[in-house]
Amino acid sequence: MSALLIRDLRLALRAGGGFGLGLAFFLILAVLVPLGVGPDPGTLARIAPGILWLGALLACLLSLDRIFALDFEDGSLDLLATAPVPLEAVVTIKALAHWLTTALPLVLVSPLMGLLLFLPAEAYLWLILSLTLGTPALSVIGTFGAALTVGLKRGGLLVSLLVLPLYIPTLVFGAEVVARGAQGLTVATPLALLSGITFGAVALLPFASAMVLRINLR
Amino acid sequence: MASLWEYANPLKFMRTTDWLLPVVSVAALVVTSIGLIWGFFFTPDDFRQGSTVKIVFLHVPAAMMAINAWVMMLVASLVWLIRRHHVSALAAKAAAPIGLTMTLIGLITGAVWGQPMWGTWWAWDPRLTSFLILLLFYLGYLALWSAIEDPDTGADLTAVLCLVGSVFALLSRYAAIFWNQGLHQGASLSLAPGTRMDWAYKAPLYTCMLGFGLIFVALVLAGTRTEIRARRMKALVARERMA
Amino acid sequence: MFQVRALACARGSLLLLEGVQFSLRRGHALVLRGPNGCGKTTLLRTIAGLQRPIAGEIDVEADIIAYAGHADGIKSTLTVAENLQFWADIYGTKTIDSALDQMNLRGLAQRMAQNLSAGQKRRLGLARLIVTARPIWVLDEPTVSLDTASVALFANVIRDHLGSGGMALIATHIELGLPEVEVLDLSAFKARLPTPGDGGFDEAFL
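Residues numbered from 1 in each chain as written. Chains lettered and ligands numbered in written order. Predicted model: local features only at pLDDT ≥ 70, side-chain atom pairs only at ≥ 80, totals over all residues. Heavy atoms only, no water.

Visitor: Outline the interface of chain A and chain C, listing residues and values.
Guide: Where the parts come together, the accessible area they lose is often given as the size of the interface. Across the boundary between the two partners, chain A contributes 24 residues, which contact 25 residues of chain C. Of the roughly 2,000 Å² buried where chain A meets chain C, counting both sides, 64% is carbon and sulfur surface. Viewed at the interface, chain C and chain A are joined by five salt bridges. A salt bridge links R10 of chain A to E82 of chain C, with the nearest nitrogen and oxygen atoms 3.6 Å apart. Linking chain A to chain C there are eight residue pairs in polar contact (both at pLDDT 80 or more). (Contact = heavy atoms within 4.5 Å. Buried area = accessible area lost by both parts, 1.4 Å probe. Salt bridge = Lys/Arg side-chain N within 4 Å of Asp/Glu carboxyl O. Polar contact = N/O pair within 3.5 Å; in protein donor to acceptor, adjacent residues only side chain to side chain.)

As structure tokens, this is what we get:
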């Protein structure tokens, strides 16, 4: 299992692996938003939690079609499906690799983006915590979407249409944690709900992902 | 090859709906007409909302069917996944555009009603938001169907999406309720036929709900028949190619 | 020992083969023949477990089949050794040395797979089979884009595999130069079209 993770990380980090694209997108968004809504610190501080979560979500979305598409094209996916590893584990590892290469860097640079958007000081801890707890759900849900569309020609655009509605609860609770944190309110409830969705998604969605992957491979 | 397919018989479905579809269609037409005419012309104006309240006879049944259509798709998808019943998968496919239309009718009539009542076409009320989210789920479901060429693969994938989507649609609904609390007190904008409503309204409203239910059944039957014929045509073309 | 009885398989919703019947003993290979589109790939994918048979049985122990399809599953930004080591780890067989030697890839071990020629890539794909250490090889057109020398090399690998008690099921158009293999023509198992009943149709929509 660790062999698959190491291979995927190695592929992502080598030339053409697409590592850093999501990060660059996140940065560009943090630059474009003030250009669009104006430089007023008050306005930016108020919308910063939502923008940061939305940016992380869209950056995750960008790299979803890479999760299975390349392995499908070169036949690795067929070979993995016939290898002595459960497909449920394969999709979980794939989601983990996606999280490590796309979401984790976003979590790490998010305080910098918060700085650009005048995020109130009280909110930084909650920003990092909510992204850490929430992004695994984004990766797992995204892996499900990628597995659904793996053999399709118009997969890239379709996957956004399928996955974005599934991201709604995570976005709502994640942004709410940061927004409440920024106002100095208690964040326990949205944080608990956010973690609940993440744990539920991580526990159950790999079975659905493996199921649709099997359907797509036959 | 019989083992896979013995559970369902499209032919029997076609033969049954040959007579069932006209019956349901006529019933839908009659009941809906009675309900709407009764509701629009033979109910008193509301003391506060005037005659605008009468859009409720379109709005509530459409909204109800928007949700029921999704529930029906969920059940049909489960039947397909468990029993491999082709007609079931095709019925789920046929129900989706109808559910989408019902959702749109619900949203549009809501906006038309909301404008004179609250002075706004749209509010991010939890209920309105939930319906907008439901619209997105319908769009995704239909987009996935249209993207897949092989009908059985399409049926399988959309069925799983419907299952997973149902869970997330439910979560989104609670998320919308939760999310709205912090912004404004949305509960006062509730669209439900409240307890104030008396039987002068309730009776025609229930008639309209029944009528919309019948319309839905008739359209799903007609749509499923179309899908079965399309499927048969596809199979015949494949057969020609094989021979 | 590997047996297939009354197997029926379909591509999409189209039934291609039915009543497929054969058995394979240790040290033997079976070559599948048949015109394009007759269901060779579908049959092999069914046997490999990628899709379920419509009917019939595949009588085989768990975890003894290694499958190789049209595509080799080679990652172009990994080296030859890394590509093989990955599969060795997945199949739990640690060493890749003998595979490198047998497929004459020793000199290319540290080269990026993207710099391999088509034939070298195919050899790498076949080396993966050796790495799996599985007794039954299920191969779909394994000799495509191999030159004569490489085909001979491949035939040798198959011979070694059979010699050590392995089995192979191969779909190919090319003569492999292996006189001892049996040949199975799949056109004999072509699915008969179901005859439509009295103007009606069944669940197959025919």
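Visitor: Go over the pattern of salt bridges with me, naming the residues and quoting the values.
Guide: Applying the stated criterion to the full structure yields 22 salt bridges over all chains. Between D71 of chain A and K75 of chain C there is a salt bridge, and its shortest N-O distance comes to 2.4 Å. Placement of the pair is D71 of chain A in helix α4 (residues 66-73) and K75 of chain C in the loop between β5 (65-68) and α2 (80-90), with the two residues belonging to separate chains. Here D71 of chain A matches K75 of chain C in class, with each residue buried. The shortest N-O distance in the salt bridge between D72 of chain C and R122 of chain C comes to 3.5 Å. A residue pair is termed long-range when its members are at least 10 positions apart, and D72 of chain C in the loop between β5 and α2 and R122 of chain C in helix α4 (residues 118-132) qualify at 50 residues. The exposure class of D72 of chain C is buried, given its relative accessible area of 17%. We classify R122 of chain C as buried; its relative accessible area is 5%. It is possible to trace a salt-bridge network through shared partners that takes in R7, D8, D71, D74 and K94 of chain A together with K75 of chain C. (Helix = DSSP H or I, 4+ residues; strand = E, 2+ residues; numbered from the N terminus. Buried < 20%, exposed > 50% of the residue type's maximum accessible area, 1.4 Å probe, protein only.)

Visitor: I'd like a description of the confidence of the model for chain B, backed by residues and values.
Guide: Residue and element names in this part refer to chain B. Scored by pLDDT, chain B comes out at a mean of 85, with 89% of its residues at no less than 70. Confidence, read as mean pLDDT per element, is least for helix α1 (residues 2-5) in chain B (41) and greatest for helix α3 (residues 56-83) (93). Below a pLDDT of 50 lies the segment residues 182-194, which in the model reaches 13 contacts outside its immediate sequence neighbourhood of four places, other chains included. Among the scores for the predicted complex, ipTM is 0.91 and pTM is 0.90. (pLDDT = per-residue confidence, 0-100.)

Visitor: Quick one: what's the story with the sheet that holds strand β2 (residues 14-24) of chain C, residue by residue and with numbers?
Guide: All names here are of chain C. Strand order in the open sheet made by the three strands is β2-β1-β4, with antiparallel pairing throughout. Either end of the sheet is taken by a strand with one partner, and the two such strands are β2 and β4 (55-59). With direction set aside, neighbouring strand axes in the sheet form an average angle of 25°. Judged from the four bridges that link them, strand β1 (residues 2-11) and β4 form a sheet pairing that is antiparallel. Its bridge partner being in β4, R5 is matched across the sheet by E57. Each of β1, β2 and β4 touches helix α1 (residues 40-48); the most contacted strand, β1, lies at about 120° to it. (Pairing = 2+ DSSP bridges. Axes fitted to C-alpha atoms, helices over the stretch in contact; angles between N-to-C directions.)

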